[in-house]
Every structure is written in structure tokens, then in C-alpha cells.
Amino acid sequence: MTTTRNSAAGTAGTTGSGRLRTTGNSTGGNGPAGHGVAGNTADDKGADGIGADRTGRGGDGRPGRLRGVLGAVVWRAGIAAALLGGIGLLPWLTRTDPALTVLKARSADRDPTPEVLADIRDRLGLDDGPLRLLAHWLGGLVRADAGRSWLSGEAVTPAVLRALSASLLLMAVALAVAVATAALVCAPTLRRGARGRAPRGPGGGSASAMLAALPEFLTASVLATVVGVQLGWLPALGWYGARWTVLPALALGLPAGAVLGRLLDDLLPGAFAEPWAKAAAARGLPGRRVARHALHRCLPGLLPNLGLFAVGLTGGAVAVEQVFDIPGLGRTTLQAALAQDLPVLQAGALVLVLLAAAASPAARLAARLLTGPAVRDGALPTLHPPRPRARRALPLLHGGLLLAVVLPGLPRDPLALNTTERLRAPSLRHPFGTDALGRDLLARVGHGALDTVLLALAISAACLLAGVLLGLLPRLSGPLVDTANAVPPVLAALLTTAVWGSGPATPALAVAAVAWAPLAAHTSALLRQERAALHLAATRALGAGRLHLLHRHLLPAVLPAVTRHALLRLPGVALALASLGFLGLGAQPPSAEWGLLLAENQPYAERAPWAVLAPAAVLALLGALAVTAAGGLRGTPRPRPRRSAAPPPSAAVESDAARGRAGAR
């Protein structure tokens, strides 16, 4: 490796990808990927182990790498087979008669006589048992034949492919909206960083937190009613061309973009605090160039979640597809799951699993291309330096507003009916108005706060724990994350009910079964970069064990960001619980749970908008409170080394590097 001295311009130009070209620079030994000594990590693999191969394989590692790839393929195939097998056993696990379910889906008015049910069983081959049905369906896949629908009798493969094409187009437009929204959320931080000023905190503030907390079906209903029907600017129903994609893409992309923007904005202060950014600012490089390389530096930690969003928007946009009457894959799988149309359901689930299996490696490859050899060589600076705690004014303000809404509703009766005051507008007697049964909405919001917040907090805490633990084992959890994210929430709820039975804990288990996946992906992505930090290589070289590195360095750097991510998804957990009420699994009337209030009053959004604005506002306020309160986790100070005569490992390496550079000069 050629040893050169770089200017700040050369330093800033190589930062985004993390590539190492030098062993020093003119700004005091801090290169684009960390300390100046990092330049020799790729070549000088001496006895000290600083540059040793961290993969644990000797030589070029090709046999071990091949075994790892084959093991991942087998593990992923096994998970997909288990999912498809569970779907094939769904009617028998739920102890329902599939012939009766199919008959009700075909014609609800027809009497289920024994002769009619026997004829359906004979035509569908149900008497052969679930295992033979599954084997027959898998045998048809070799010929690209997924069978025929149990309801309509048409070929499954063309129908699923048509639905997939609609969902992919909607996903692409929604991702474009999400990227634009994320750019707006991050704009304040990028602007301050480009000007050389320390970012104040998360960009977008409470606005982005509230936007991320808005339910997709409510956003879709408002856009369809106001923009599509009342104003007539864009079509509100159907799927006939590009103009029909705008409103559903906005409904999907705005909340997703707010979440992505918050995650990206969480990483940007660490990038602007790296030595290359300070050197570039000192040499007078344009602020736009510095901001561009800061984005380049942070994107590898966000790409896995972007891949999850792409798959989730393809198969999980059930509510939006229902509102806008879009024949997408999410709606198709929902109808098949409710009617237990197994061929369509299995084909839809298989397509989503294959899509996830393609999106995940693509995201990892893109992240690897962005970081370059810096991750392999252990030459990245930490992206999570200690930062001051956020201001406490916003959490106190949001918490005070939430209490001001909840406490006045507690003395009121949430179940008192008065049909003469149905859908009354807000007044002094009913500050939030009334619902379709004349019940006071302020009372229902107040009494539903305890169930909503406590259950959502418990599920979020469990998902955070599971996500962090599984994120520490990326080879094991990677295929699990992709599969769990690809499964539509309705299907996850049905499978959970089939295994655990219907009960008070079933909704929580169904939501937790899929809600941990984004947190595990986020943990793995951040941990992959943190393990490549130069100070960890130095600490490892001086004899630190894995537990020491995990406890004293890795978890303190990664856990705050993942915790903020979990809190950002807190309102979404509450809404996911409400969506299960449509299947008879979640909160049932007359419960005052906030998500159920939204679901009950959504049909009256055009006539009585206050009926949905009240629960939506408190959910958005809950999201703002959760995210701004998490600002107190913005930095975890690294543990102080014990006082001794020997310097800490990182200081020893830096001093040796400085002496080496001085001798070289």
C-alpha cells in the first residue's frame, strides 16, 4: 500500500464509501475512515492481531464462505417450507371445515347441506388430507402451476402475477414518496451540518413523529374523500393508469417516509462529527459536498430497513388497497386468508417470501458497495459518538397535552348511549363530539388510554428485546426477519390463532410475531458497521474478549438508536392491534381502545370527521411523546477506563501511530 498525505479535499472525497487510501493526512492523522494508522490494516496482519482476519477463516476463506452461503440457503428454504406448510394446515389447525368456509365465501345464502359440503370436498380433494393437498400443490409449482382458486376456479398463477404487478407499481411510487418525505425530514440536520454547525437533534421534530403515527387507512380515507371526491383533483377509486397511483402512494409513502427520515436523521449527527467532516469544513469544501458524503456514510445502516419497507409495502398495503379498490397482492391474500382459499394464499405468500429473499441480499450488496473495504478491514469510525441529551421541553409539552385530554374523560361514562345525539359536533357538553351511537368521544378516549398505551408499551418492549437479541445473530435471524416481514399481518394473525387459540393474549402474540423484524434488521445493520470501528480492533488486539466488547462498546453504541426506533413504532403497534378487531381477534365493542375507535368511526369520516380526528390526534400525540422522550437516549457515554499507569487501548494505538508518523516525517 502506498503511503501518501492527503488534503482535506481528498479526505472528504473518500469518506462516503469508507475506502482507505492513506495512512495519514494533513489534518492531524485522522483519515476518512478513522485514525491514520488504519491505512495498514488490510496488509500488515502482524502478530498483534489489529489487522487480523475477523471472519475466523484461514487463507482466502472460500470453503467457509461457500458453507455459509449454502447454510443460509438451506435455512431460508426451511423457513419458507414451514410457512407454506402452516398455511396448508390452516383449516385443520383452526378446527374449521374448509368446505363450509368455501361455501360461505361463494354464496352466503346457500344452505350447507351434507350433500353440498360433500360435493365441495370431492371437487377440491379435501378428503385426501392436508399433506397430500400440499404435496400436489408443490408438484405443480415445478410446472409454474399454482393450482386453481377454490372460490372462482380460475388459474392461480396469472391472478397472483396480475396482483403482484399492481402492488409492485404502487410500491415503487410509494417508495419515491417515502424518499422525498425522508429528505424533508432530514433537511434541517443536513443544512446545519453543511454549514459546519452541530445538529440540534432529530429533524422534523414533532411533525415527523406525528406523521409517522398516522394510520394508513385513515390517511387513505381522508385523501380519497377530500382530494378525490370533494375536490375532484385525482381519481379516488380503481386502478386504470398512472393517475390512480398518486393518492394510494401518498397514503403509504408519507408515514413510511417519516419513519425512514427519523432513522436516517438519527445517524447524521454522528457522520458530521467524524474527523473528515471537520477537516473538509476547515479546508473550505462546499457544504453540499460534505452533506452528500454524510448521506453516503449513513445509508448503509438504513438500507436493510429500506428493503423491509419495500417488501412490506408490496404485501402489507391491505387497508390502502381496500380503500382505493386496488387489485393488489395484499388485498388478494387478505381475501384468500379470510375465505381459506389455500392455493391463492399459498401462492401469494410464496411470492412475498421470494421477493423478500431477493430484496434482502440486494440491500446488503448495496450497503457493501457503499462502505467499500472499510468494513472488511475494520477501519470505520464509530457512527454513534456520545451526544448531549435532548431538550426536555417537548416531551413535557406532549405529555401535558396527552394528560389534558385523558384526565377530563375519566369521570365520564364511556358506555352511555344516547341515540338522539348521534354524530354530534364538538360542543361544551361533548368537547370531542359523539360517535354513531351517541357516546361521548372524550370519555371513550380517556378510558381507552390505559389499555392502548400499556399493551402497546408491553409489546414494543418485548419486540425490542427480541429484535436486539436476534439482531446480534444476523446469520440466524436474517432469513427469519425477511420471512416475518413478508407475511401479511392478517395471515400472521390467523396462524397465531391456529397455534395458540383465541384468547386475550392472541392479538399481542400476533402483532409481536412480526413487529420485531425491523428492529432486528436495524440492530444487525448498525452492529455490522460498529464492529468495523478502529477502536474495537485496537481493543481486540490488546486481549479484550467478545463479552467485554459487546457489553462495553457494541451495545452502548447500538442500543439507543434501536430503542428510539422501537418508540417510533409504538403508535403503529396500537393500530396493528386494532386491525385485528376486524377478524374477531383484537379489541371488541364496546371497548374504548383507541385503534378500535378509529375503526368504528372510519365509515363516518366524511359526515362526522371529528369522530376519527379525536382518536387519530391522540395516537399522533402518543407518537410525538414517544419519539421526543426517546431524545434522552441520544447518547450513552462510553465507560471510563479504570485509573492505571497504562493508557487505554485506543489512546495507546493513537500515540503509537502519532509517533510512527512523526518518525516517518
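Residues numbered from 1 in each chain as written. Predicted model: local features only at pLDDT ≥ 70, side-chain atom pairs only at ≥ 80, totals over all residues. Heavy atoms only, no water.

**So, the overall build of the protein**
Then step 1. When its secondary structure is counted, the protein shows 29 helices and four strands.
Then step 2. For the protein, buried positions account for 51% of its 665 residues.
Then step 3. Restricting to contacts in the protein with at least 6 residues of sequence separation, those with at least 24 account for 73%.
Then step 4. Put simply, the protein shows about 30200 Å² of open surface, and 63% of that area lies on carbon and sulfur atoms. (Helix = DSSP H or I, 4+ residues; strand = E, 2+ residues; numbered from the N terminus. Buried < 20%, exposed > 50% of the residue type's maximum accessible area, 1.4 Å probe, protein only. Contact = heavy atoms within 4.5 Å. Areas by Shrake-Rupley, 256 points an atom, 1.4 Å probe, with all protein chains shown as cover.)

**Details of the environment of Leu417**
Then step 1. Note on placement: Leu417 falls in the loop between helix 18 (393-409) and helix 19 (441-471).
Then step 2. Residue Leu417 is classed as exposed on the basis of its relative accessible area of 58%.
Then step 3. Remark: the alpha-carbon pair of Leu417 and Ala436, spanning 19 residues in sequence, is separated by 9.7 Å.
Then step 4. Sequence-distant contacts of Leu417, that is, excluding residues within four places in its chain, are made with Leu437 and Arg439.

**So, the packing of aromatic side chains**
Then step 1. This structure, assessed with the given rule, holds one aromatic pair.
Then step 2. Each ring, one from Tyr240 and one from Trp244, has its centre 5.6 Å from the other, and the planes form 80 degrees; the classification is edge-to-face.
Then step 3. Overall, the relative accessible area of 23% leaves Trp244 in the partly exposed class.
Then step 4. The cationic tip of Arg243 hangs over the ring face of Trp244; the distance from NZ or CZ to the ring centre is 5.9 Å. (Phe/Tyr/Trp six-rings, centres within 6.5 Å; stacked < 30°, edge-to-face > 60°. Lys NZ or Arg CZ within 6 Å of the ring centre and 35° of its normal.)

**Brief notes about helix 27 (residues 594-601)**
Then step 1. Most of helix 27 is tucked away, with seven of its eight residues classed as buried.
Then step 2. Here helix 27 has its buried residues at Trp594, Gly595, Leu596, Leu597, Leu598, Ala599 and Asn601.
Then step 3. By the N-cap criterion, in which a side-chain oxygen at the helix start approaches the backbone nitrogen of a residue two or three places on, helix 27 is capped by Glu593, the distance to Leu596 being 2.9 Å. (Polar contact = N/O pair within 3.5 Å; in protein donor to acceptor, adjacent residues only side chain to side chain.)

**Regarding the pattern of salt bridges**
Then step 1. The full count for this structure, using the stated rule, is 13 salt bridges.
Then step 2. Taking the shortest distance from any N to any O, the salt bridge between Asp97 and Arg121 comes out at 2.6 Å. Residue Asp97 is located in the loop between helix 3 (90-93) and helix 4 (98-106), and its partner Arg121 is located in helix 5 (residues 114-124); the two are separated by 24 residues in the primary sequence.
Then step 3. Of the charged contacts in the structure, one is a salt bridge between Glu600 and Arg439, with a shortest N-O distance of 3.8 Å. With Glu600 in helix 27 and Arg439 in the loop between helix 18 and helix 19, this pair connects stretches of sequence that are 161 residues apart.
Then step 4. Among the ionic contacts, a cluster of salt bridges with common partners joins Asp435, Arg439, Arg444 and Glu600. (Salt bridge = Lys/Arg side-chain N within 4 Å of Asp/Glu carboxyl O.)

**Let's talk about a positive patch on the surface**
Then step 1. A contiguous patch of positive charge on the surface is contributed by Arg65, Arg364, Arg368, Arg528, Arg531 and Arg546.
Then step 2. Elements that contribute at least two residues to the positive patch include exactly helix 16 (342-371) and helix 23 (517-531).
Then step 3. Residue position: Arg528 is located in helix 23. (Patch = residues over 30% accessible without salt bridge, like charges linked within 9 Å, V, L, I, M, F, W, Y side chains within 5 Å. Lys, Arg positive; Asp, Glu negative; His and termini not counted. Charge placed at Lys NZ, Arg CZ, Asp CG, Glu CD.)

**As for helix 24 (residues 534-541)**
Then step 1. Burial of helix 24 is extensive: six of the eight residues sit out of reach of the surface.
Then step 2. Of the residues one or two after helix 24, Gly543 is the one with positive phi, at around 100 degrees.

**Remarks on unusual backbone geometry**
Glycine aside, residues mostly have negative phi, and peptide bonds are mostly found in the trans state.
Then step 1. Unusually for a residue other than glycine, Ala144 sits at a positive phi of about 60 degrees.
Then step 2. Within the element layout of this structure, Ala144 appears in the loop between helix 6 (130-141) and helix 7 (156-194).
Then step 3. For Gln340, which is not glycine, the phi torsion reads 55 degrees and is therefore positive.
Then step 4. Assignment of secondary structure puts Gln340 in the loop between helix 15 (329-339) and helix 16.
Then step 5. Classification of Gln340 as buried rests on a relative accessible area of 9%.

**Some words on the side chain of Arg76**
Then step 1. Examined against the element boundaries, Arg76 turns out to sit in helix 2 (residues 62-88).
Then step 2. Residue classification places Arg76 among the buried residues on the basis of a relative accessible area of 18%.
Then step 3. Here Arg76 is in contact with Ala357, Arg364, Pro479 and Asp482, once residues within four sequence places are set aside.

**Some points on the packing of helix 10 (residues 246-272) against helix 25 (residues 546-568)**
Then step 1. Relative orientation of the contacting elements helix 10 and helix 25 amounts to 160 degrees, with a least axis distance of 11 Å. One way to sum up the angle between helix 10 and helix 25 is to call them roughly antiparallel. Seen along the crossing, helix 10 lies across helix 25 with a hand that is right-handed. Contacts from Val259, Arg262, Leu263 and Asp266 in helix 10 reach Ala561, Arg564, His565 and Leu568 in helix 25. (Axes fitted to C-alpha atoms, helices over the stretch in contact; angles between N-to-C directions. Parallel < 35°, antiparallel > 145°, perpendicular 65-115°, else oblique. Left-handed = near helix turned anticlockwise from the far one by under 90°.)

**A look at a nonpolar patch on the surface**
Then step 1. Together, Val222, Val226, Leu231 and Trp233 make up an exposed nonpolar region whose accessible area comes to about 380 Å².
Then step 2. Tracing the chain through its elements places Leu231 in the loop between helix 9 (216-230) and helix 10.

**Some words on the packing of helix 18 against helix 19**
Then step 1. One can describe the packing of helix 18 onto helix 19 by two numbers: an axis separation of 7 Å at closest approach and a directional angle of 105 degrees. The pairing of helix 18 with helix 19 is recorded here as roughly perpendicular in orientation. Residues Val405, Val406, Pro408 and Gly409 of helix 18 form the contact with helix 19, whose participating residues are Leu442, Ala443, Val445, Gly446, His447 and Ala449.

**Topic: the state of the cysteines**
Then step 1. As enumerated under the stated definition, the model contains zero disulfides in all.
Then step 2. Distance from the sulfur of Cys298, which forms no disulfide, to the nearest cysteine sulfur (Cys186) is 8.8 Å. (Disulfide = S-S within 2.5 Å.)

**Description of the environment of Leu621**
Then step 1. Its location among the elements puts Leu621 in helix 28 (residues 610-629).
Then step 2. For the pair Leu621 and Leu401, spaced 220 residues apart in sequence, the C-alpha to C-alpha distance is 8.0 Å.
Then step 3. With sequence-adjacent residues up to four places away left out, Leu621 is seen in contact with Met210, His398, Leu401 and Leu402.

**Quick look at the environment of His293**
Then step 1. You can see His293 is positioned in helix 12 (residues 287-298).
Then step 2. Judged by relative accessible area, His293 falls into the buried class, the value being 11%.

**Things to note about the confidence of the model for the protein**
As a general rule, the predicted coordinates of low-pLDDT regions are not to be interpreted in detail.
Then step 1. Residues with a pLDDT of 70 or more make up 79% of the protein, whose mean pLDDT is 77.
Then step 2. Taken as a whole, residues 1-60 scores under 50 in pLDDT and shows 125 contacts with residues more than four places along the chain or in a different chain.
Then step 3. Segment residues 636-665: pLDDT under 50, and 28 contacts once partners within four positions in sequence are set aside and those in other chains are kept. (pLDDT = per-residue confidence, 0-100.)

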